[in-house]
Amino acid sequence: MASSQWTLLGDDILNMITDRFDDIYDYARFGAVCKPWLSFSHRFYKHKHHLFRANHQLPLLVVPMEGHQEIRGLYNIAKDTLCNQIQLSLPYKRCCGSSHGWLFFVDNKSPQIELVLINPFASESENSMIKLPPIQCDDGDRVMHMDEYGVNKVVLSKDPNDFPNDFEVIAIYGGTQTLAHYKSGNNFWSYAKPNKEIQCFADVIFYKGMAYAVDFYSWIVRIYRKRYKQRPGGNNSSPCYLRFKTINEGLSEYLWCDYSGNAYLVETSMGELLHVRRDYLTMEERIRKDAEIEEEMKRARAEYEARTQEDHDELREEINKIMDELENQQVEEYVEPDVSKYLEELPKYDKPQLSVNFTVFKLNFPSSRGQKSMETLNGEILFVGDNNSVSVPSSRCPTLIPNSIYYTDDYVGDYFQNLAFGSCDTGVFNLENKEFGKHFVPSFSAKGMPPPIFVVPRYRCSAKKIV
């Protein structure tokens, strides 16, 4: 078939082809063939994306690029490949949220928190950056540095490019990890009133038109806004405050053995809501683990240097024998070999496993309260971390491990900057056999660089931009 005839293929044939695509790369390369295919792939992906919902598409991993501070790459976990053709220009700092293809960053350091939304996948005709009003911090939070770690997590209700006048943002911020809510069109945030029972939120989700949050003690609440009493002549743009309705009562805050290192709320592709708890090593165990790793690295290096020296001595003896045999011939002076290049080839010590367990519960509301422990995910695959949690049926990604949780390092704080490995707690946990595995493993040179984060790209950009 001549190349000019590719444009004549009917939509039914193109539909059969694109229906087999799994990720954004396939659509982008398909659209690069010709303009009619680019137009069709855009329409098909957009329809399929909204039909199946953004939080059930296979996410990609935004990863740091060695030697490039403000350039990130995209890693495809399903194909175990880094797409070298795609490079994202992003701020050199931790991304505190990923939702509907948008990435959240703290804009600068100040007594206030200024958030900026960046969509690296937006087309030229769409918004690629949105600056939100500053979040006001109380005196307790002002003593903290409101930098990239001043915000734990941020989520969106909808894509601002699809619903510019009808999207919401919820942020978990500050030392007390409290909530703030923003509604599009407002110039203010709504804040939560103090609550003795519920403190230090871990995650938040928009689920079936409502917002829910979970704390570290398994308290789960529904969030709603309530306006302050209106003054005469007031309007609907006046500030609100957040109220909570308890959906699931948590454990006593004094039962430290039941405290979760982190927690997530995930909607499955079947519409069920899951509560995922993540347990870490304790702080003392982390410090001891890091000391053991550093000691092991020193020991491995010393052994390698000693082994290299032994090989060098044997080489010298062999050369001396040759020189004795050729004593009547001219022999060039022996040059001491440089062993430094061998040290660069030291095998990398395996990354530390800081996450030690995951537990999953199915929430039973609204029919009843309570949650049921799960030993399987019924074929689902979860992706958790700083991102808006994602659940994908294993049938859509056969190369990945079903009934597993793929996670990234979302430990909030600059503690990891002082560790030998930096931010490195990424991996996969099989809920059925309780075994850990790996996916993307940062290298030693990634220490101090922004941690990876999952993102579900929105296919909007032209083929030239993404391929």
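Residues numbered from 1 in each chain as written. Predicted model: local features only at pLDDT ≥ 70, side-chain atom pairs only at ≥ 80, totals over all residues. Heavy atoms only, no water.

### Quick word on the pairing of strand 21 (residues 390-393)
- Residue alternation in strand 21 divides its side chains into two sets, V390 and V392 and S391 and P393, and both sets are buried.
- Two strands pair when backbone bridges link them, and strand 20 (residues 380-384) and strand 21 are joined in this way by four bridges, in the antiparallel orientation. What sits directly across from E380, in strand 21, is P393.
- What sits between the antiparallel neighbours strand 20 and strand 21 is a turn of five residues, in which G385 has the positive phi angle 155°. (Buried < 20%, exposed > 50% of the residue type's maximum accessible area, 1.4 Å probe, protein only. Helix = DSSP H or I, 4+ residues; strand = E, 2+ residues; numbered from the N terminus. Pairing = 2+ DSSP bridges.)

### Quick word on the side chain of N76
- Within the element layout of this structure, N76 appears in strand 2 (residues 68-76).
- Relative accessible area serves as the criterion here: at 0%, N76 is assigned to the buried category.
- Among the polar contacts listed, one links the side chain of N76 to the backbone nitrogen of K79, at a separation of 3.1 Å. (Polar contact = N/O pair within 3.5 Å; in protein donor to acceptor, adjacent residues only side chain to side chain.)

### Some points on the sheet that holds strand 24 (residues 435-437)
- Pairing is mixed across the open sheet formed by five strands, whose spatial order is 21-20-22-23-24. Only two strands of the sheet have a single partner each, and these edge strands are strand 21 and strand 24. Going across the sheet, the axis of each strand differs from the next one's by a mean of 20°, ignoring polarity. (Axes fitted to C-alpha atoms, helices over the stretch in contact; angles between N-to-C directions.)

### Notes on the pattern of salt bridges
- As enumerated under the stated definition, the model contains nine salt bridges in all.
- The residue D166 makes a salt bridge to K183 at a minimum N-O spacing of 2.9 Å. Of this pair, D166 sits in the loop between strand 8 (151-156) and strand 9 (168-173) while K183 sits in strand 10 (residues 178-183); the two residues are 17 residues apart in sequence, bridging distant segments of the chain.
- Between R278 and D425 there is a salt bridge, and its shortest N-O distance comes to 3.3 Å. (Salt bridge = Lys/Arg side-chain N within 4 Å of Asp/Glu carboxyl O.)

### Topic: the sheet that holds strand 5 (residues 102-106)
- A sheet is described by the order of its strands in space; here four strands give the open sequence 4-5-6-7, paired in antiparallel fashion. The open sheet has two edge strands, strand 4 (97-99) and strand 7 (129-131), and neither has a second partner. Strand-to-strand, the axes of this sheet are offset by a mean angle of 20°, without reference to chain direction.
- Bridge count for strand 5 against strand 6 (residues 115-118) is four bridges, and the pairing is antiparallel. Paired with F104 across the strands is L117, a residue of strand 6.

### A few points about the nonpolar core
- Formed by 21 residues in total, the largest nonpolar core has its most connected members in L115, L132, I135, V151, V154, V169 and W189.
- Of all the secondary structure elements, the ones that give two or more residues to this core are strand 5, strand 6, strand 8, strand 9 and strand 10.
- Not counting residues up to four positions away in its chain, the partners in contact with V169 are F104, L132, V154, V155, L156, A180, H181, Y182 and W189. (Core = buried A, V, L, I, M, F, W, Y, C linked by side-chain atoms within 4.5 Å. Contact = heavy atoms within 4.5 Å.)

### Section: the packing of aromatic side chains
- Enumeration according to the criterion identifies twelve aromatic pairs in this entry.
- Judged by centre distance (6.1 Å) and plane angle (65°), the ring pair of Y207 and Y212 falls under edge-to-face.
- Its relative accessible area of 8% is what places Y212 among the buried residues.
- What links up through ring pairs into an aromatic cluster is the set F358, Y407, F429 and F436. (Phe/Tyr/Trp six-rings, centres within 6.5 Å; stacked < 30°, edge-to-face > 60°.)

### Observations regarding the environment of W37
- With respect to the helices and strands, the residue W37 is situated in helix 3 (residues 35-52).
- Taking the C-alpha atoms as reference, W37 lies 8.8 Å from W6; in sequence the two are 31 residues apart.
- Apart from residues no more than four positions distant in its own chain, W37 is found in contact with W6, T7, L9, L14, F30 and G31.

### Considerations on unusual backbone geometry
- For K208, which is not a glycine, the phi torsion comes out positive at approximately 55°.
- Inspection of the secondary structure puts K208 in the loop between strand 12 (201-207) and strand 13 (210-215).
- Given a relative accessible area of 63%, K208 falls into the exposed group.
- Its identity is not glycine, yet K434 carries a phi of approximately 65°, on the positive side.
- Locating K434 in the fold gives a position in the loop between strand 23 (427-430) and strand 24.
- Classification of K434 as partly exposed rests on a relative accessible area of 37%.

### Some remarks on the confidence of the model for the protein
- A residue-level look at the protein finds 65% of positions with pLDDT of 70 or above and a mean pLDDT of 76.
- Confidence over residues 251-257 falls short of pLDDT 50; this stretch has seven contacts with residues more than four positions distant or in other chains.
- Considering only residues more than four positions removed or in separate chains, one finds that residues 460-467, a stretch of pLDDT under 50, has 24 contacts. (pLDDT = per-residue confidence, 0-100.)

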